[in-house]
Amino acid sequence: MKIFVSTAGGDAGGQFREGWRLNERRQWWLSSSAIVVSLILTSGIVSLLLPSLIPQLGSYYAFDANVAVHALVGIILIFDIYVVFQQVQISRFRKQLAEREELFRLISENAADMIAVVDVNGQRLYNSPSYEKLLGYSRDELQKTSAFEQIHADDRQTVIDAASDARRTGMGRTVEYRIRHKDSRWLNVESTASVVRNQDGEVEKLVIVNRDITERRQLEEQLHRSQKLEAIGRLSGGVAHDFNNLLGLIIGYSEALQQRIPPEDPYREAVDEIQNAGKRAAALTQQLLAFSRKQVLEPRILSLNDIIVDIEKMLRRLVGENIHMELALAPDTQSIKADRSQIEQVILNLVVNARDAMPNGGKLVIETGNWQLDRSTVLRHPYVIPGPYALLKVTDTGCGMDAELQSHIFEPFFTTKEKGKGTGLGLATAYGVIKQSGGYIWVDSEVGKGTAFRIYLPQVSGAAEPVIETKPAAAIAGERGTILVVEDEAALRKLTKKTLSEAGHKVFEAEDAAEALEISRKSGDTIDLLLTDVIMPGMSGKKLADVMVAERPGIGVLYMSGYTDGEIATHGVLEKGTAILRKPFTRDELMRRVEDAMMAAAR
């Protein structure tokens, strides 16, 4: 609340006061002229009647009755003219007063801000209609309370002190405080007030203008939260990229050890645990990349209903028998374009979250349908792009969450579960996947009444693409070829070459694009496949592939990367026909993707 002393320096205030003084002068002249005319008329009447009332006066002046009558008639005509003039002036004054009252009414009734006039004791003298619109209180309800009664207890003294300082010094300061709505909600308010003094210079009233800044504060908090999440995302994305190379080595060499150590060997268990730990770490890294929206998506036209039906059995086993799971899938739900594995992960994370919120059992409902996000949604969420969306809603009857908890649920590593029972990345992963897929995820929850997660994904035209079954590496039959491996991480390059060589391929290796081009240009052999990292010092993998394809038409290209750097994908989405091997990868994944890439190039 900025409290200040009103002065005569404002243009609007000066114009108002000047107009008021002009009207006062006109009224003074009108009243004075009325007195003069009345005196003239009275003197004429007296001069006409005086000789008849006092006969002795006839000897002092000659009386002509005809002249006296004409004079009296003239005075009466002057008086009539004046009365008409007076009524015209009064009508003008009334019209001006009505216009000012109408202007004041329009301002007070249509102002978005709350305008109040209070006395020095804080008693309300006037409240604009916007008080009822914004706070829900009627004028009678407000008149029965002090101006400070609806203010939050923690902020009340600050407001009282600011008002006291303004009355005492004429100087003000900015104060923001919380005020209670009639439905018990707290609104954030920013106020300005002017001090009105009487003729003696003493403070008589305060004119206060309150502005609701609740939405602005919410937007500022959302911006702060998004900036914080973005910073965490950049950090986690960078760490995940480097960590993937190390995990690739751990998983790759543990697989090599597994091939050479028989199951009955006492050290085989240790090797198996190393590999399992590597895979769990790889899954954790993928969740970090999903949160930071730096994982590479392979979008397909999908049906939400088909995905849910396909994983229904797994979901029912996951929630257990004490939770009743119900599917409410609208048959006309439109298709979406997204990465199927990522959408499955989102559904899985939401179901696990709902299960953990109902330790004593409850009801879980998974719904789908179509939804139109219109301008009314944009007013509440300015970042929303209006249009048709496919809706996925997961509702539980669990413990629910308060507003404070809801503000943190999408942050990575934030969890309310016991230590060791959750990574805090489930909802963060869901948030990242949905955002990268062009959708929105919102939560509605109340303590003791359950939680509902609503996901909106843009609708697309076209039929859903069938799921392609993945063949195990041992079942893949393909001819061996010549492969050029380009990887700046020496240990990972060595492991990749060793794995491919053991599978019967002829392998060249290079640590960067310059060396790869030199090998290609000097070698007279046919190179069937370029297997290259995306992010490398100097020339990127994408630019290297463009040069190699131009120099060796028909060569296959398979990229390796922990996440996209924008060279091979737009907003994290692969272009059609682009193949990528996600790090860290297993031996089976490497062999499968190499064979697929070589077969695609041979067609």
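Residues numbered from 1 in each chain as written. Predicted model: local features only at pLDDT ≥ 70, side-chain atom pairs only at ≥ 80, totals over all residues. Heavy atoms only, no water.

Visitor: Any details on the overall build of the protein chain? Residues and values, ideally.
Guide: Within the protein chain, the regular secondary structure consists of 17 helices and 20 strands. Within the protein chain, the proportion of its 603 residues that are buried is 40%. For the protein chain, restricting intrachain contacts to residue pairs at least 6 apart in sequence, the fraction spanning at least 24 positions comes to 69%. Summed over its atoms, the accessible surface of the protein chain is roughly 33,400 Å², and 56% of this surface lies on carbon and sulfur atoms. (Helix = DSSP H or I, 4+ residues; strand = E, 2+ residues; numbered from the N terminus. Buried < 20%, exposed > 50% of the residue type's maximum accessible area, 1.4 Å probe, protein only. Contact = heavy atoms within 4.5 Å. Areas by Shrake-Rupley, 256 points an atom, 1.4 Å probe, with all protein chains shown as cover.)

Visitor: Requested: an account of the sheet that holds strand 20 (residues 580-582), with residues and values cited.
Guide: Across the sheet, which stays open at both edges, the five strands sit in the order 15-14-16-17-20 with parallel pairing between neighbours. A single partner strand is all that each edge strand has here, and the edge strands are strand 15 (506-510) and strand 20. Each adjacent strand pair in this sheet contributes to an overall mean axis angle of 20°, direction not counted. Across five bridges, the pairing between strand 16 (residues 529-533) and strand 17 (residues 556-561) is parallel. Considered in strand 17, the bridge of Thr532 is made with Tyr559. The sheet contacts of helix 15 (residues 513-522) involve strand 14 (482-486) and strand 15, and relative to strand 15 the element is tilted by about 140°. Set on the sheet, helix 16 (residues 541-551) makes contact with strand 14, strand 16 and strand 17; between it and strand 16 the angle comes to about 160°. (Pairing = 2+ DSSP bridges. Axes fitted to C-alpha atoms, helices over the stretch in contact; angles between N-to-C directions.)

Visitor: Now, about the side chain of Thr482: what can you tell me, with residues and values included?
Guide: Along the chain, Thr482 turns up in strand 14. Apart from residues lying up to four places away in sequence, Thr482 is in contact with Lys506, Phe508, Thr526, Ile527, Asp528 and Leu529.

Visitor: I'd like to hear about the nonpolar core, residue by residue, with values.
Guide: The biggest cluster of nonpolar side chains holds 36 residues, and the ones touching the most others in it are Ile343, Ile347, Leu364, Ile441, Phe453 and Ile455. Residue contributions to this core peak at six residues, all from helix 10 (residues 340-356). Non-local contacts of Ile455, meaning those with residues more than four positions away in its chain, are made with Val346, Leu350, Ala390, Leu391, Leu392, Ile434, Tyr440 and Ile441. (Core = buried A, V, L, I, M, F, W, Y, C linked by side-chain atoms within 4.5 Å.)

Visitor: Describe the packing of helix 14 (residues 490-502) against helix 17 (residues 587-602), and please don't skip the residues or the numbers.
Guide: In contact at an axis separation of 11 Å, helix 14 and helix 17 are set at 70° when each is read in the N-to-C sense. When the interaxial angle is binned, helix 14 and helix 17 end up roughly perpendicular. Crossing angle aside, the handedness with which helix 14 passes helix 17 is right-handed. Residues Thr496, Thr499 and Leu500 of helix 14 form the contact with helix 17, whose own contacting residues are Arg587, Leu590, Met591 and Val594. (Parallel < 35°, antiparallel > 145°, perpendicular 65-115°, else oblique. Left-handed = near helix turned anticlockwise from the far one by under 90°.)

Visitor: Please provide a residue-by-residue account of helix 13 (residues 426-436), values included.
Guide: In an α-helix, one turn spans 3.6 residues; hence positions three or four apart end up facing the same way. Taking burial as the measure, the 11 residues of helix 13 include nine buried ones, the bulk of the element. Listed as buried for helix 13 are Leu427, Ala428, Thr429, Ala430, Tyr431, Gly432, Val433, Ile434 and Gln436. Within two residues after helix 13, Gly438 carries a phi angle of roughly 85°, on the positive side.

Visitor: I'd like a description of the pattern of salt bridges, backed by residues and values.
Guide: For the coordinates displayed, the defined rule picks out 25 salt bridges. For Arg355, the salt bridge is made with Asp356, and the minimal N-O distance between the two is 3.2 Å. For Arg355, a relative accessible area of 26% translates into the label partly exposed. With a closest N to O distance of 3.0 Å, Arg493 and Glu509 form a salt bridge. With Arg493 in helix 14 and Glu509 in strand 15, this pair connects stretches of sequence that are 16 residues apart. Residues joined in a network through salt bridges with shared partners are Arg260, Lys498 and Glu502. (Salt bridge = Lys/Arg side-chain N within 4 Å of Asp/Glu carboxyl O.)

Visitor: Explain helix 17 residue by residue, including any values.
Guide: Taking 1.5 Å per residue, 16 residues should reach 22 Å; helix 17 reaches 23 Å between its end C-alpha atoms and fits that length. Where helix 17 is concerned, the buried positions are Leu590, Met591, Arg592, Val594, Glu595, Ala597 and Met598. On its buried face, helix 17 is in contact with strand 14, helix 14, strand 16, strand 17 and strand 20. (Expected span 1.5 Å × (residues − 1).)

Visitor: Quick one: what's the story with the packing of aromatic side chains, residue by residue and with numbers?
Guide: Counted according to the given criterion, the structure contains six aromatic pairs. With centroids separated by 6.4 Å and ring planes inclined at 55°, the aromatic side chains of Trp371 and Tyr456 adopt a geometry described as tilted. In this pair, Trp371 sits in strand 10 (residues 362-373) while Tyr456 sits in strand 13 (residues 451-460), placing the two residues 85 residues apart along the sequence. Given the relative accessible area of 2%, Tyr456 is considered buried. (Phe/Tyr/Trp six-rings, centres within 6.5 Å; stacked < 30°, edge-to-face > 60°.)

Visitor: Requested: an account of unusual backbone geometry, with residues and values cited.
Guide: Note the cis peptide between Lys583 and Pro584, where omega equals -10°. With respect to the helices, strands and loops of the structure, Pro584 is situated in the loop between strand 20 and helix 17.

Visitor: Before we move on, can you summarise the environment of His505 with the specific residues and values?
Guide: Of note, His505 is situated in the loop between helix 14 and strand 15. Classification of His505 as buried rests on a relative accessible area of 5%. Counting along the chain gives 24 residues from His505 to Gly481, while the straight-line C-alpha distance between them is 5.3 Å. A polar side-chain atom of His505 sits 3.1 Å from the main-chain amide nitrogen of Gly481. (Polar contact = N/O pair within 3.5 Å; in protein donor to acceptor, adjacent residues only side chain to side chain.)

Visitor: Explain the confidence of the model for the protein chain to me, and be specific about the residues and the numbers.
Guide: For any part of a model where pLDDT is low, the fine detail of the predicted coordinates should not be relied upon. Residue-level pLDDT values for the protein chain average 79, and 79% of them are 70 or greater. Below pLDDT 50 for its whole length, residues 1-10 participates in 35 contacts with residues either more than four positions away or in separate chains. A low-confidence stretch, residues 473-477 stays under pLDDT 50, and its non-local contacts, those more than four residues away or across chains, total five contacts. (pLDDT = per-residue confidence, 0-100.)

Visitor: Break down the packing of helix 15 against helix 16 for me, with residues and values.
Guide: Orientation of helix 15 relative to helix 16, taken along the N-to-C sense of each, is 10°, at an axis distance of 11 Å. The orientation of helix 15 with respect to helix 16, classified from their angle, is roughly parallel. Taken together, the residues of helix 16 that come into contact with helix 15 (itself represented by Ala513, Ala516, Leu517, Ser520 and Arg521) are Leu544, Val547, Met548 and Glu551. Residues of the contact of helix 15 with helix 16, tallied by class, amount to six nonpolar, one polar and two charged. (Nonpolar A, V, L, I, M, F, W, Y, C, P; charged D, E, K, R; others polar.)

Visitor: Describe a nonpolar patch on the surface, naming the residues involved and giving the relevant values.
Guide: Together, Leu235, Val239, Phe243 and Leu246 give the surface a local cluster of nonpolar side chains, amounting to about 370 Å² of exposed area. Structurally, the position occupied by Leu235 is in helix 6 (residues 214-260). (Patch = residues over 30% accessible without salt bridge, like charges linked within 9 Å, V, L, I, M, F, W, Y side chains within 5 Å.)

Visitor: Could you give an account of the side chain of Thr586, naming the residues involved and the relevant values?
Guide: Relative to the helices and strands, Thr586 is located in the loop between strand 20 and helix 17. Apart from residues no more than four positions distant in its own chain, Thr586 is found in contact with Ile251, Glu255 and Lys279.

Visitor: If you had to explain the environment of Arg316 to someone new, which residues and values would you point to?
Guide: Position of Arg316 among the secondary structure elements: in helix 9 (residues 312-319). Among the residues examined, Arg316 registers a relative accessible area of 35% and is labelled partly exposed. For the pair Arg316 and Val351, spaced 35 residues apart in sequence, the C-alpha to C-alpha distance is 9.6 Å. Excluding its chain neighbours within four sequence positions, the residues that come into contact with Arg316 are Met325 and Leu327.

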